Amino acid sequence: MFIQTQDTPNPNSLKFIPGKPVLETRTMDFPTPATAFQSPLARQLFRIEGVKSVFFGPDFITITKENEELDWNLLKPDIYATIMDFFASGLPIVTEEAPSGEAGSEEDDEVVAMIKELLDTRIRPTVLEDGGDVIYKGFEDGIVQLKLQGSCTSCPSSIITLKNGIQNMLQFYIPEVEGVEQVMDNESDEKEANSP
């Protein structure tokens, strides 16, 4: 097995490409070791000293290190070994079905459907290339609420991406969109509870 690495816009995140499907059609974010309960692979990766967060894409794994002082050359051998051993074991990457990350049960009106369509077809593929993901969380009073995952979570350029890239594209195609706002974990539950 040959694992390739690819830099991301975030210097603290590196994309590992095992050459095999990871999650095939979806993504999963593990911002802390506590969130990795349903993935044996994520739990193994968190055992490596210096690993801050783990993100699975369709065919890649993004690892974010704790700080800039940590050298990727010291972390990579342990990460490579963990990924190779795991794939050789034949164990499932995820043991339980996880929630898809979509904000549930709200009625998809035409604007929300168009926002989700643009996110899925135009925006997410680009963000996935950079080792991250963007999840739709809601649309309220002209503001699209999005959650950034993977390498995008702590990336210095993520706010620029959000405002210049995503917001401009959504506003161009959907006049009802007035802005885009990033939702953090602690706010998202509260906002979902308050959305109609």
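Predicted model, so just to flag it, every value in this text is computed and none were measured.

1. Concerning the pairing of strand 6 (residues 132–140)
For a regular strand, side-chain orientation follows a simple rule: the groups alternate between the two sheet faces.
Link 1 in the chain: Of all nine residues making up strand 6, seven are buried, and the element is well covered by its neighbours.
Link 2 in the chain: Across eight bridges, the pairing between strand 6 and strand 7 (residues 143–150) is antiparallel. Among the inter-strand pairings, Tyr136 is bridged to a residue of strand 7, identified as Leu146.
Link 3 in the chain: Turn length for the strand 6-strand 7 hairpin, with the two strands adjacent in sequence and antiparallel, is two residues, and the turn residue Asp141 shows positive phi of about 50 degrees.

2. Side note on the pattern of salt bridges
Link 1 in the chain: Following the criterion strictly, the structure yields two salt bridges and no others.
Link 2 in the chain: Across the pair Arg124 and Asp120 runs a salt bridge whose closest N-O atoms are separated by 3.4 Å. Of the two residues, Arg124 and Asp120 are both situated in helix 3 (residues 110–129); the distance of four residues between them amounts to about one turn of the helix.
Link 3 in the chain: A relative accessible area of 42% places Asp120 in the partly exposed class.
Link 4 in the chain: With a shortest N-O distance of 2.7 Å, Asp133 and Arg124 are connected by a salt bridge.

3. Topic: the environment of Leu75
Link 1 in the chain: Among the structural elements, Leu75 can be located in helix 2 (residues 72–89).
Link 2 in the chain: Taking the C-alpha atoms as reference points, Leu75 and Lys65, ten residues apart in sequence, are found 8.6 Å from one another.

4. Here's the deal with the sheet that holds strand 4 (residues 51–56)
Link 1 in the chain: Read across the open sheet, the five strands follow the order 1-2-5-4-3; overall the sheet is antiparallel. Edge strands, defined here as strands with exactly one partner in the open sheet, are strand 1 (4–7) and strand 3 (28–30). Each adjacent strand pair in this sheet contributes to an overall mean axis angle of 20 degrees, direction not counted.
Link 2 in the chain: As paired strands, strand 3 and strand 4 are joined by three bridges and run antiparallel to one another. When the bridges of strand 4 are listed, Phe30 appears paired with Val54.
Link 3 in the chain: The sheet contacts of helix 2 involve strand 1, strand 2 (13–17) and strand 5 (61–65), and relative to strand 2 the element is tilted by about 35 degrees.

Quick notes on the rules
Residues numbered from 1 in each chain as written. Predicted model: local features only at pLDDT ≥ 70, side-chain atom pairs only at ≥ 80, totals over all residues. Heavy atoms only, no water. Buried < 20%, exposed > 50% of the residue type's maximum accessible area, 1.4 Å probe, protein only. Helix = DSSP H or I, 4+ residues; strand = E, 2+ residues; numbered from the N terminus. Pairing = 2+ DSSP bridges. Salt bridge = Lys/Arg side-chain N within 4 Å of Asp/Glu carboxyl O. Axes fitted to C-alpha atoms, helices over the stretch in contact; angles between N-to-C directions. Contact = heavy atoms within 4.5 Å.

Everything listed here is a matter of coordinates, which is why it stays silent on function.
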